[in-house]
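Structure assessment
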Number of protein chains: 2
Amino acid sequence: MASRAGGRSARVAARAAEAAAPQAPAFIRRQIPTYDLLGEEGLALIETTADQLLSEIGMEIHDDVAVRLFRDAGATVDGERVRFDPGHVRALCSTAPSTFTQHGRDPTHTVEIGGDAVVFAPAYGSPFVRDLEGGRRYGSLVDFENFVKLAWSIPWLHHSGGTVCEPVDVPVNKRHLDMVYAHLRYSAKPFMGSVTVPSRAEDSIELARIAFGADVVERQCVILGNINVNSPLVWDGAMTGALRAYAAANQAPVVVPFILGGAMGPVTLAGDIAQAHAETMVGVALGQLTRQGSPAIYGNFLSSMALRSGAPTFGTPEPAIGSLVVGQLARRVGLPLRCSGSFTTSKVLDGQAMLESAVSMQAAILCGANFILHSAGWLEGGLVMGYEKFIIDADHCGALHTYLRGIDLSADQFAVDGFHEVGPGKHFFGAQHTLRHYETAFYDSWTADNSSFEQWRDGGERRVEERAADKVAELLGSYEPPPIDDAVDEELREFLTTRKASMPDMWY
Amino acid sequence: MASRAGGRSARVAARAAEAAAPQAPAFIRRQIPTYDLLGEEGLALIETTADQLLSEIGMEIHDDVAVRLFRDAGATVDGERVRFDPGHVRALCSTAPSTFTQHGRDPTHTVEIGGDAVVFAPAYGSPFVRDLEGGRRYGSLVDFENFVKLAWSIPWLHHSGGTVCEPVDVPVNKRHLDMVYAHLRYSAKPFMGSVTVPSRAEDSIELARIAFGADVVERQCVILGNINVNSPLVWDGAMTGALRAYAAANQAPVVVPFILGGAMGPVTLAGDIAQAHAETMVGVALGQLTRQGSPAIYGNFLSSMALRSGAPTFGTPEPAIGSLVVGQLARRVGLPLRCSGSFTTSKVLDGQAMLESAVSMQAAILCGANFILHSAGWLEGGLVMGYEKFIIDADHCGALHTYLRGIDLSADQFAVDGFHEVGPGKHFFGAQHTLRHYETAFYDSWTADNSSFEQWRDGGERRVEERAADKVAELLGSYEPPPIDDAVDEELREFLTTRKASMPDMWY
């Protein structure tokens, strides 16, 4: 029909359809340099301070197995306090790969993590969700599944993430089973498993074994676990237990200190970065002592503080600058980097939300982050996953696909023939050069309104969150689950049933 | 009273007062590197293409005096078409200073333009204004004066700008007099004059002579004029006339091609940048032929296009990447740079507005722009100056003061004593190190809400634009004009009266 109808309207329709389903790669290869803030001297100063913290103060590690592994490797152990000679932890990290592959259930969505690869993943860990229609409320399993379906449907997100929101309607000790199942059933992009208790990490990996095959999981990374340090300078046993579970299974922990400057670390950036560097390296080292050569991600999460209330702040200039240094440190220690995301403290999708999100996401892009968790959906300091926020953030990820391509300097891009054709004072609309490049010239935003004031007014003066709400409905309405082998699906469901039956419900 | 009242509440009050009137320098000295995208080979390719455009196609210049100046300098002239041998225009630009000083009427607000200096100036040229209460309407002289007063009151803006909005209630041929008077009377920061007709440029400079003294103006830059190229490759006579007026008076033209890729230039970035480079250099060269050694600013204004409508778009990834290259080109030709700003096509201060504004402002910061016009207020592709947008953009400029300082690596910033005091697992809130640095640790935003959800809800669920509207009212309510010598003020007013009486009103 479209081709017979012909003419301008058909072309417009074709373009609109293309715009609705844009094509994107499984992950991005950055073609622009990282933005390196410090020189050798400054970086060495930070590394030396991190070493000083580890040798003079050390870390408290609430995990006998981990303490024993470090003692055997040559650390100085005094009860739960573990101290390291300068350079020791960094040397232990050196056996981790600088780049690894995380396989998707759909191999066309397999991603690289490290080097020049950039992977966008949804926000993680919010107990609440928010949308325009329903307002703010506790997250449910339906919300969780919705966000998995949205991430599957949006080409600019490469990863399904982990706890995209807390499914608060499912018992605390059984949620992880439904969450991992949702990632495996409603998406085929790579994903993250549970970390809150080591046995839940084991369950997550076991589900991955069913979906991918145990032999595959033994050889290849198919699941990540996001492991938080209890900053300052404490490794909690639940976290190191989960970390060791992932590493033992040859899967990748994302090792992340969460440092709110002034609370879990100094109020000054240099100290926070040195502390984070020390804490992260100890976690990565533990993974290597558990299974040498297993993959790991150097994670970082810096935030600042409102001076008058002590409340956490996000999307502020201090962490944005700090991230640039963190990126350099991660590259020097030779590990893939997770950093920043679309952060904000705003309660709603307003100007504050997107200003702060843009500032913090830009930091991730510039610092060379390879795995960008919290790329989409984050509101209210991480307490809320926003439906419309998810869409506008993901749209920004789309724009960043273009940004990370840099600039094409091939001969035809200079349009010298076009200038000869057009000459001074004429416009390029109809030039041959324009027609040749028109379809692919610019990123085509889902959510930006570029119409005239009159068009916008006559269309009801809609704000970006209203357009994003339409996109949520459209994507969920047209969602199709990726195929899955029936036998595999059954085995996954059986695992859920058996594990759930083996435990009483826990609600806290 | 405050010191006697003592204790926490007094400190909180003192902090709140400090936050209300933050201190800022007259301009910023950047302490972070520029983000250089291209290497020598890529930059040389662009420069060669610019030279090729100037030698093969040349520029059309609708100004006999300018054409004669170029002919005398060795250009090839064919009617209004002027062609230049490769390297010729760049050589003509070499007599312009790489850095110059623009004096404010208040010398504490004198700025440097060039090198590592960064100057934020308000948006420019909107026929409409918008605020929450009154909606969108034509700008008036009252609006114009309001924005001058706001820019004077906000420490994060270093410059009063030029046509901050069109005072549409004043005749077209007399507006410039009221605008320049407002900059001189309601502010004492540096400012920009009129450019629309050469005689209006002359009037602007004459008013500056009254305010600063003719001998001072002869020696020092006190006024800028924003001069647009009629891209592609045309210099209009009104613009070159105004440019020559500023240069002849030893004042600085800001030479700016406005290129909407696909319309006034190719749909491909490489061609746009080469074109802009050629066009800008010709303008700067004309200033140098008018008065060798006079100051000038290398301006740039790239924008992209909505593929489905042909409408201009702003805050998109293509111009953000392009700006990085433009910055490198400006530094290679040795000129101060004007680039980007807080651009958006959004009609209102929503998430789209601030996402796009952050992306384009970040490009200005990274590319090393020295004079950032359109830093605050821009909405609707430049058609609207927004009151609340002005505030949140200016707040972002405040945050960028911190960003541009980079990271402090002095010994105390590493907080090693703090780590020894606090130890693993404790928080830093009460640490000596925290108390020592607390007051100055983080940028304190005017408009971001970092309170808890409950506080925010109980406070009326206010959005950032509502908080910004309060700030507008507060700043205009507490505005105090800078002092001016009565005799000077009278002379300025007499000049206005005489000039206005000499012409009939023109309304278009």
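Residues numbered from 1 in each chain as written. Chains lettered and ligands numbered in written order. Predicted model: local features only at pLDDT ≥ 70, side-chain atom pairs only at ≥ 80, totals over all residues. Heavy atoms only, no water.

A short note on the sheet that holds strand S2 (residues 59-61) of chain A
Residues and elements named next belong to chain A. Pairing is mixed across the open sheet formed by 4 strands, whose spatial order is S3-S4-S2-S12. Either end of the sheet is taken by a strand with one partner, and the two such strands are strand S3 (76-78) and strand S12 (234-235). Relative to strand S4 (residues 81-83), S2 runs antiparallel, the two sharing 2 bridges. Of the residues in S4, the one forming a bridge with Glu60 is Arg81. (Pairing = 2+ DSSP bridges. Helix = DSSP H or I, 4+ residues; strand = E, 2+ residues; numbered from the N terminus.)

Things to note about the packing of aromatic side chains
Tallied over the full model, the rule gives 31 aromatic pairs over all chains. Look at B:Phe301 and B:Phe314: their rings are 5.9 Å apart centre to centre, the planes differ by 85°, and that puts the pair in the edge-to-face class. Of this pair, B:Phe301 sits in strand S14 (residues 297-305) while B:Phe314 sits in the loop between strand S15 (312-313) and helix H12 (317-333), placing them 13 residues apart in sequence. Each of the two residues, B:Phe301 as well as B:Phe314, counts as buried. Among the aromatic residues, ring-to-ring pairing joins A:Phe258, A:Phe301, A:Phe314, A:Phe343 and A:Trp378 into one connected group. Across the ring face of A:Trp446, the terminal group of A:Lys471 is positioned such that the distance to the ring centre comes to 4.2 Å. (Phe/Tyr/Trp six-rings, centres within 6.5 Å; stacked < 30°, edge-to-face > 60°. Buried < 20%, exposed > 50% of the residue type's maximum accessible area, 1.4 Å probe, protein only. Lys NZ or Arg CZ within 6 Å of the ring centre and 35° of its normal.)

Brief notes about the pattern of salt bridges
Two side chains of opposite charge can pair, provided their charged atoms sit close to one another. The tally for this structure, following the rule as stated, stands at 58 salt bridges over all chains. Across the salt bridge formed by B:Asp489 and B:Arg493, the nearest N and O atoms sit 3.5 Å from each other. Of this pair, B:Asp489 and B:Arg493 both sit in helix H19 (residues 486-501), 4 residues apart, which is roughly one turn of the helix. Among the residues examined, B:Asp489 registers a relative accessible area of 11% and is labelled buried. Note on B:Arg493: relative accessible area 45%, which makes it partly exposed. Several salt bridges converge on common partners, so that one network encompasses A:Glu40, A:Glu47, A:Arg90 and A:Arg332. (Salt bridge = Lys/Arg side-chain N within 4 Å of Asp/Glu carboxyl O.)

With respect to the packing of helix H12 (residues 317-333) of chain A against helix H14 (residues 387-403) of chain B
It is at 8 Å that the axes of H12(A) and H14(B) come closest, and there the two elements cross at 40°. The interaxial crossing formed by H12(A) with H14(B) has right-handed handedness. Side by side, H12(A) and H14(B) meet where A:Pro317, A:Glu318, A:Ala320, A:Ile321 and A:Leu324 of the first sit next to B:Ala399, B:Thr402 and B:Tyr403 of the second. Split by residue class, the contact of H12(A) with H14(B) holds 6 nonpolar, 1 polar and 1 charged. (Axes fitted to C-alpha atoms, helices over the stretch in contact; angles between N-to-C directions. Left-handed = near helix turned anticlockwise from the far one by under 90°. Contact = heavy atoms within 4.5 Å. Nonpolar A, V, L, I, M, F, W, Y, C, P; charged D, E, K, R; others polar.)

A closer look at the relation of the copies chain A and chain B
The transformation that overlays chain A on chain B combines an axial shift of 0.0 Å with a rotation of 180°, and the residual RMSD is 0.0 Å. Taken together, the rotation angle and the small translation identify this as a two-fold axis. In terms of C-alpha distance to the rotation axis, chain A has A:Gly351 as its closest residue, with the C-alpha 2.2 Å off the axis. Both copies share a contact surface, since 100% of the interface residues of chain A are interface residues in chain B too. (Least-squares fit on C-alpha atoms with pLDDT ≥ 70 in both.)

Focus: the nonpolar core
Ranked by internal contacts, the top residues of the largest apolar core, which has 332 residues, are A:Tyr403 and B:Tyr403. Look past the residues within four positions of A:Tyr403 in its chain and what remains in contact with it is A:Ile32, A:Gln362, A:Ile365, A:Leu366, B:Tyr35, B:Pro317, B:Ala320, B:Ile321, B:Leu324 and B:Leu366. Counting 9 residues, the second largest nonpolar core, distinct from the first, contains A:Ala263, A:Met305, B:Ala441 and B:Phe442. (Core = buried A, V, L, I, M, F, W, Y, C linked by side-chain atoms within 4.5 Å.)

Examining a negative patch on the surface
Residues and elements named next belong to chain A. Residues Asp485, Asp486, Glu490, Glu491 and Glu494 make up a contiguous surface patch of negative charge. Among the secondary structure elements, Glu491 is positioned in helix H19 (residues 486-501). Its relative accessible area of 42% is what places Glu491 among the partly exposed residues. (Patch = residues over 30% accessible without salt bridge, like charges linked within 9 Å, V, L, I, M, F, W, Y side chains within 5 Å. Areas by Shrake-Rupley, 256 points an atom, 1.4 Å probe, with all protein chains shown as cover. Lys, Arg positive; Asp, Glu negative; His and termini not counted. Charge placed at Lys NZ, Arg CZ, Asp CG, Glu CD.)

What about the state of the cysteines?
Overall, the coordinates contain 0 disulfides over all chains when judged by the stated rule. Between A:Cys397, a cysteine without a disulfide, and A:Cys367, which holds the nearest cysteine sulfur, the sulfur-to-sulfur distance is 14 Å. Counting only cysteine sulfurs, B:Cys339 is the nearest neighbor of B:Cys367, a cysteine outside any disulfide, at a range of 4.0 Å. (Disulfide = S-S within 2.5 Å.)

Remarks on the interface of chain A and chain B
Listed per partner, the contact involves 117 residues of chain A and 117 residues of chain B. Taking both sides of the interface into account, the surface hidden between chain A and chain B amounts to around 9,700 Å²; carbon and sulfur atoms contribute 70%. Seen at the junction of chain A and chain B, the total is 6 salt bridges. Between A:Arg463 and B:Glu465 there is a salt bridge; the shortest N-O distance is 3.0 Å. The tally of links between chain A and chain B comes to 34 residue pairs in polar contact (both at pLDDT 80 or more). Of the residues contributing to the side of chain A that touches chain B, the split by class is 59 nonpolar, 35 polar and 23 charged. (Buried area = accessible area lost by both parts, 1.4 Å probe. Polar contact = N/O pair within 3.5 Å; in protein donor to acceptor, adjacent residues only side chain to side chain.)

Some details on the confidence of the model for chain A
Looking at chain A, the pLDDT average stands at 95 and 96% of residues meet or exceed 70. Low pLDDT, under 50, characterises residues 1-19 of chain A; the stretch is placed with 11 contacts to residues that sit more than four places away or in other chains. (pLDDT = per-residue confidence, 0-100.)

Thoughts on the sheet that holds strand S8 (residues 128-131) of chain A
Residue and element names in this part refer to chain A. A sheet is described by the order of its strands in space; here 4 strands give the open sequence S9-S8-S20-S19, paired in mixed fashion. Only two strands of the sheet have a single partner each, and these edge strands are strand S9 (135-138) and strand S19 (378-379). Lying over the sheet, helix H14 (residues 387-403) contacts S8, S9, S19 and strand S20 (384-386), oriented at roughly 65° with respect to S20.

Thoughts on unusual backbone geometry
Residues and elements named next belong to chain A. In this structure, the amide linkage connecting Ser231 to the following residue, Pro232, adopts the cis form with an omega of 0°. Mapping Pro232 onto the fold places it in the loop between strand S11 (223-229) and S12. The backbone of Ser340 shows a phi angle near 55°, a positive value even though the residue is not glycine. Tracing the backbone through its elements, the reader meets Ser340 in the loop between strand S17 (337-338) and helix H13 (351-367). Phi is positive for Glu461, which is not a glycine, with a value near 55°. Locating Glu461 in the fold gives a position in the loop between helix H17 (453-458) and helix H18 (464-477). For Glu461, a relative accessible area of 39% translates into the label partly exposed.

Describing the side chain of A:His159
Residue and element names in this part refer to chain A. Tracing the chain through its elements places His159 in the loop between helix H6 (141-153) and helix H7 (175-186). Taking the relative accessible area as the measure of exposure, His159 reaches 0% and is therefore buried. Among the polar contacts listed, one links the side chain of His159 to the side chain of Gln102, at a separation of 2.8 Å. A polar atom in the side chain of His159 sits 3.1 Å from the backbone nitrogen of Gly161.

Regarding the environment of A:His437
Mapped onto the elements of the fold, A:His437 is located in helix H16 (residues 432-437). Relative accessible area serves as the criterion here: at 14%, A:His437 is assigned to the buried category. C-alpha separation for the pair A:His437 and A:Gln413, spaced 24 residues apart in sequence, amounts to 8.8 Å. Once residues within four sequence positions are removed from consideration, A:His437 is found in contact with A:Asp412, A:Gln413, B:Val267 and B:Thr268. Side chain to side chain, A:His437 and A:Asp412 meet in a polar contact 2.5 Å long.

What to know about the pairing of strand S7 (residues 117-120) of chain A
All names here are of chain A. Residues of S7 alternate between two faces, with Ala117 and Val119 on one and Val118 and Phe120 on the opposite face, all of them buried. Two strands pair when backbone bridges link them, and strand S1 (residues 28-29) and S7 are joined in this way by 2 bridges, in the antiparallel orientation. By the bridge assignment, Arg29 is partnered in S7 with Ala117. In terms of strand pairing, S7 meets strand S18 (residues 371-372) through 2 bridges, oriented parallel. Bridging across to S18, Val119 finds its partner in Phe371.

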